[in-house]
Amino acid sequence: MTIEEYRQLRTYSRYDGFYLGVIWTASFACLIGMSAFPSLSMLSLAIALTTPFFVGMQLKKYRDEGLGGKLPFRRGLIYCFRVFLNAALFFAVVQWAYMQFVDNGRLAGMLNTMMMQDDARVILQQAGIKAEEVVEAFAGISPLQFALTYFVENVVIGIILSFPISAVMKKS
C-alpha cells in the first residue's frame, strides 16, 4: 500500500467512523430515553444492530469509489478496524461528556429500577448476586471509567465484526 492509498483509506475510515459514532450516539440516546418511552429500547437495539450493515455499505462505497471496484481482504480489514476505532473514540467522548455533565445519576436510577423488578432479582439470586450490590457498584463508576469500558468493548466487537464484513466485501 502506497502512502497515497493509506491516506485515502485513513480519510474514508475517519469519516465513516464519525458517522458510525453518530449512529451509536443515537442508539445510546434512545437507551437513555427509554425510561420515559419504553418503546425506545427496541429502537435502540434496532439502531445498534445496523452497525455491521452500515460498515459493510460504507466499505462497499470505499471499494467502488475509492479503489475502482477492487478490494483485497487485508485492506478491507484495515479499513474496518479503523472505522470501528474512530467510532469508538468518538462515542467514548460522547459518553464521557454525557455522564460527566448531563446524567446526574439518571442511568444509575434506571438500573436501580430494573434491578428491583422481580424477574431481575430472581436471575441475580440464582447467580448469587444481590441487586443492591450491582446498583452500588454501577453508581461508583466514574464517567471516565464508564466511557473507557465501553470504548474497549466497542473496539473488541469491532475487531470481531471486521473479519466477516471484510470477507464478504472483498473483491479481486
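Residues numbered from 1 in each chain as written. Predicted model: local features only at pLDDT ≥ 70, side-chain atom pairs only at ≥ 80, totals over all residues. Heavy atoms only, no water.

S.K.: With reference to specific residues and values, describe the packing of helix α1 (residues 3-33) against helix α2 (residues 40-49).
M.R.: For the pair α1 and α2, the least separation of the axes is 8 Å and the interaxial angle reads 160 degrees. With respect to each other, α1 and α2 are oriented roughly antiparallel. Taken as a pair, α1 and α2 cross one another with a handedness that is left-handed. Contact residues: α1 offers Ile23, Ala26, Ser27, Cys30, Leu31 and Gly33, while α2 offers Leu40, Leu43, Ser44, Ile47 and Ala48. For the contact of α1 with α2, a count of residues per class yields eight nonpolar, three polar and no charged. (Axes fitted to C-alpha atoms, helices over the stretch in contact; angles between N-to-C directions. Helix = DSSP H or I, 4+ residues; strand = E, 2+ residues; numbered from the N terminus. Parallel < 35°, antiparallel > 145°, perpendicular 65-115°, else oblique. Left-handed = near helix turned anticlockwise from the far one by under 90°. Contact = heavy atoms within 4.5 Å. Nonpolar A, V, L, I, M, F, W, Y, C, P; charged D, E, K, R; others polar.)

S.K.: For the packing of α1 against helix α4 (residues 73-102), give the residues involved together with the corresponding values.
M.R.: Packing of α1 against α4 brings their axes to within 6 Å, and their N-to-C directions diverge by 40 degrees. On the basis of their axis angle, the class for α1 and α4 is oblique. The way α1 lies across α4 gives a crossing that is right-handed. Its residues placed into classes, the contact of α1 with α4 shows 19 nonpolar, six polar and six charged.

S.K.: For the packing of aromatic side chains, give the residues involved together with the corresponding values.
M.R.: Under the defined criterion, the tally for this structure stands at 13 aromatic pairs. Ring centres of Trp96 and Phe101 lie 5.4 Å apart, and the angle between their planes is 85 degrees; on these two criteria the pair is classed as edge-to-face. For Trp96, a relative accessible area of 31% puts it in the partly exposed group. Counting every residue linked through ring pairs, the aromatic cluster contains Trp24, Phe28, Phe84, Phe91, Tyr98, Phe138, Phe146 and Tyr150. (Phe/Tyr/Trp six-rings, centres within 6.5 Å; stacked < 30°, edge-to-face > 60°. Buried < 20%, exposed > 50% of the residue type's maximum accessible area, 1.4 Å probe, protein only.)

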